[in-house]
Amino acid sequence: MGSLANDLVGTWRLLSRIDRDSSGGPVDELTLGSDPVALLFFDRAGNFAAQFMKRDRSVADAAPLFTGQNNTAAIGGYDAYFGTYEVDETSGDVHTRLVGALSPDHVGATMNRNMKVEDGRLVIRLTTTTADETAVHRTLTWERAG
């Protein structure tokens, strides 16, 4: 079994994104939709990049008025950011520091994610909030794209 830092390296394609509240009920996320298209990249030097796009961008979304805790903001159905990352092998937590982001408010921010690579899939878990401060537990599942 390899280290998480080693297993993360590569290009990942999003398979699913599931948002649940504390009771396990689904939570709608309108800026990217429930089934966005996304790519995620990690290199051995500690750099990463992520891009997410709402599948149907035919209706223009206004600039976001709210950004959840431990999360970035999509603009017009698109979100992108890049920076550096550090892995805590014991906890599986990955701390990403945003060097660049579509939303200027997020440049310099640190986001925390719990990650696990198992059976060729990357599973990322994080907690964020909605505009009314409802806790959202997000699970993203990725497959290797290259």
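Worth saying up front: this structure is predicted, and the values here are computed from it rather than measured.

Rules used in this analysis
Each chain carries its own residue numbering, running from 1 in the written order of its sequence. For this predicted model, a pLDDT threshold of at least 70 governs which residues receive local features, and a threshold of 80 or more governs which side-chain atom pairs are given and counted, while totals over whole chains, interfaces and linings are taken from all residues. Side-chain measures were taken over the full set of non-hydrogen atoms in the model, leaving aside hydrogen atoms and water. Stacked, edge-to-face and tilted are the three classes for Phe, Tyr and Trp ring pairs, Trp counted by its six-membered ring, which pair at centre distances within 6.5 Å; planes under 30 degrees apart are stacked, over 60 edge-to-face, the rest tilted. Going along the chain from the N terminus, every DSSP run of H or I of four or more residues is numbered as a helix, and every run of E of two or more is numbered as a strand. Any residue under 20% of the maximum accessible area for its type is buried, any over 50% is exposed, and the rest in between are partly exposed; the area is computed with a 1.4 Å probe on protein chains only. The set of buried Ala, Val, Leu, Ile, Met, Phe, Trp, Tyr and Cys residues whose side-chain atoms join them within 4.5 Å is what this entry labels a nonpolar core. Should any heavy atoms of two residues lie within 4.5 Å, those residues are counted as being in contact. When a carboxyl oxygen of Asp or Glu lies within 4 Å of a side-chain nitrogen of Lys or Arg, that pair is called a salt bridge. The pairing criterion for strands is at least two bridges between them, as found by DSSP.

**Considering the packing of aromatic side chains**
For any pair of aromatic rings, the description rests on two quantities: the centre-to-centre distance and the angle between the ring planes. Summed over all chains, the structure comprises five aromatic pairs. Ring geometry for phenylalanine 52 and tyrosine 81: centres 6.5 Å apart, planes at 25 degrees, overall stacked. In this pair, phenylalanine 52 sits in strand β3 (residues 47-53) while tyrosine 81 sits in strand β4 (residues 78-88), placing the two residues 29 residues apart along the sequence. The same class applies to phenylalanine 52 as to tyrosine 81, namely buried. Taken together through their ring pairs, the aromatic side chains of Phe42, Phe48, Phe52, Tyr81, Tyr85 and Trp142 make up a single cluster.

**Some points on unusual backbone geometry**
The backbone of aspartate 119 sits at a positive phi, close to 55 degrees, despite the residue not being glycine. Within the secondary structure layout, aspartate 119 lies in the loop between β6 (110-118) and β7 (121-129).

**Topic: the nonpolar core**
Membership of the largest hydrophobic core comes to 25 residues, with the highest contact counts inside it found for Leu8, Leu40, Phe42, Phe52, Leu122 and Trp142. Excluding residues within four positions of it along the chain, leucine 40 makes contact with Gly10, Thr11, Trp12, Phe48, Ala49, Ala50, Leu122, Ile124 and Trp142.

**Examining the pattern of salt bridges**
Two side chains bearing opposite charge may form a pair once their charged atoms approach each other closely. The tally for this structure, following the rule as stated, stands at five salt bridges. Of the charged contacts, one joins arginine 138 and aspartate 19 as a salt bridge, the two residues approaching to 2.6 Å between their closest N and O atoms. Of this pair, arginine 138 sits in strand β8 (residues 135-144) while aspartate 19 is found in strand β1 (residues 10-20), placing the two residues 119 residues apart along the sequence. For the pair arginine 138 and aspartate 19, one class covers both residues: buried.

**Brief notes about the pairing of β6**
Only one face of β6 is covered, namely the one carrying Met111, Arg113, Met115 and Val117; the face carrying Thr110, Asn112, Asn114, Lys116 and Glu118 has none of its residues buried. Note that strand β5 (residues 93-101) and β6 share five bridges and pair antiparallel. Note that in β6 the partner of histidine 95 across the bridge is asparagine 112. In this sheet, β7 lies alongside β6 in antiparallel orientation, the contact comprising five bridges. Each bridged residue has a counterpart across the sheet, and for methionine 115 the counterpart in β7 is isoleucine 124. The antiparallel pairing of β6 with β7 creates a hairpin that spans two residues between the two strands, and aspartate 119 there sits at a positive phi of about 55 degrees.

**As for the environment of isoleucine 124**
Along the chain, isoleucine 124 falls in strand β7. Counting along the chain gives 47 residues from isoleucine 124 to glycine 77, while the straight-line C-alpha distance between them is 21 Å. Those residues in contact with isoleucine 124 that sit more than four places away from it in its chain are Leu40, Arg113, Asn114, Met115, Arg138, Thr139, Leu140 and Trp142.

**With respect to the pairing of β4**
Of the strand pairs in this sheet, β3 and β4 are connected by seven bridges, and their pairing is antiparallel. Across the sheet, residue methionine 53 finds its bridge partner in β4, namely tyrosine 78. In terms of strand pairing, β4 meets β5 through eight bridges, oriented antiparallel. Across the sheet, residue glycine 83 finds its bridge partner in β5, namely leucine 98. Between the end of β4 and the start of β5, which pair antiparallel, lie four residues, with glycine 92 showing a positive phi angle near 80 degrees.

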